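# Geometric and topological summary
Residue-level listing of the chains:
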Amino acid sequence: MDIREILRHVDHTQLKAFATWDDIVELCDEAILYQTASVCVPPAYVRRIHDTYGNELKICTVIGFPLGYHTTEIKAAEAAQAVRDGAAEIDMVINIGDVKSRLYEKVEAEIRAVKEACGGRILKVIIETCYLTEEEKIAMCRAVTNAKADYIKTSTGFGTGGASIEDIRLMKRHIGPDVKIKAAGGISTIEEMEAFLKEGCDRIGTSRAVSLLKKA
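A brief structural summary. These numbers were taken from a predicted model, which means no experiment stands behind them.

### Some words on the pairing of strand S7 (residues 180-184)
- Along S7, four of the five residues are buried, which leaves the element largely enclosed by surrounding structure.
- Direction of pairing for strand S6 (residues 151-153) relative to S7: parallel, over a ladder of three bridges. Within the sheet, the bridge partner assigned to Lys153 lies in S7 and is Lys182.
- In this view, the connection linking S6 to its parallel neighbour S7 by way of helix H8 (residues 165-174) has right-handed handedness.

Quick look at the structure:
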């Protein structure tokens, strides 16, 4: 698979706690040059990116990040604000404690509320697979599908583990036909990105893709 084709599926990511505006500008310039699917950035930078770059690139941001235990009302408000600021895509973190408590319907309702707040923009739902059992992962596939989110996403990159091929295969078996998959967390080689795309992922979340292209 051609590296530039891979990059068209990459959410070029900068979510470090100490990311500066200079870091964000570098990210955005690379995204435009190498035509990545989007940039994935902290919410505080969305408006400034939109004002600086306009429609030159798609802006993705994160909601309830990285632990997911914000209230539903706060997540919905975050999503609505991000959309007003210019975000085209929203990556939200589920309430993992609710999942572990088997409150699956509550999690589904929260996803639905955030999806409504997105006003038609793309919603990706981060389920943080490293903390979930197989039963819980399957339940989240159903919740994401029922709530009509656009993507299910493996990981924040801040947990104890990232994306795995086994989890992608599990998701493929249990999500609905309108739900796509985003793999993120620990993806650090071109070969890994290619493997996840061949397995059926539509998006890859990584901060390393452009640097790997430059080396290649």
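### Re a negative patch on the surface
- A contiguous patch of negative charge on the surface is contributed by Asp22, Glu26, Asp29 and Glu56.
- Assignment of secondary structure puts Asp29 in helix H2 (residues 21-34).

### A word on the packing of aromatic side chains
- Per the stated rule, a full pass over the model turns up two aromatic pairs.
- Judged by centre distance (5.2 Å) and plane angle (85 degrees), the ring pair of Phe65 and Phe158 falls under edge-to-face. Taken together, the positions of Phe65 in the loop between strand S3 (59-63) and helix H4 (72-85) and Phe158 in the loop between S6 and H8 put the pair 93 residues apart, joining distant regions of the chain.
- On the accessibility criterion, Phe65 (19% relative accessible area) is buried.
- What makes Phe158 partly exposed here is its relative accessible area of 47%.
- Over the ring of Tyr151 we find Lys124; its NZ or CZ atom is 5.9 Å from the centre of that ring.

### Observations concerning the environment of Lys100
- Here Lys100 is to be found in helix H5 (residues 96-100).
- C-alpha of Lys100 to C-alpha of Cys60: the two residues are 40 residues apart in sequence and 28 Å apart in space.
- Once residues lying within four places of it in the same chain are set aside, the contact partners of Lys100 are Tyr131, Leu132, Thr133 and Glu136.
- For Lys100, the side chain forms a polar contact with the main-chain oxygen of Tyr131, separated by 2.9 Å.
- Among the polar contacts listed, one links the side chain of Lys100 to the side chain of Glu136, at a separation of 2.8 Å.

Definitions and limits used
- Residues numbered from 1 in each chain as written.
- Predicted model: local features only at pLDDT ≥ 70, side-chain atom pairs only at ≥ 80, totals over all residues.
- Heavy atoms only, no water.
- Buried < 20%, exposed > 50% of the residue type's maximum accessible area, 1.4 Å probe, protein only.
- Helix = DSSP H or I, 4+ residues; strand = E, 2+ residues; numbered from the N terminus.
- Pairing = 2+ DSSP bridges.
- Right-handed = clockwise from strand over helix to strand, strands pointing away.
- Patch = residues over 30% accessible without salt bridge, like charges linked within 9 Å, V, L, I, M, F, W, Y side chains within 5 Å.
- Areas by Shrake-Rupley, 256 points an atom, 1.4 Å probe, with all protein chains shown as cover.
- Salt bridge = Lys/Arg side-chain N within 4 Å of Asp/Glu carboxyl O.
- Lys, Arg positive; Asp, Glu negative; His and termini not counted.
- Charge placed at Lys NZ, Arg CZ, Asp CG, Glu CD.
- Phe/Tyr/Trp six-rings, centres within 6.5 Å; stacked < 30°, edge-to-face > 60°.
- Lys NZ or Arg CZ within 6 Å of the ring centre and 35° of its normal.
- Contact = heavy atoms within 4.5 Å.
- Polar contact = N/O pair within 3.5 Å; in protein donor to acceptor, adjacent residues only side chain to side chain.

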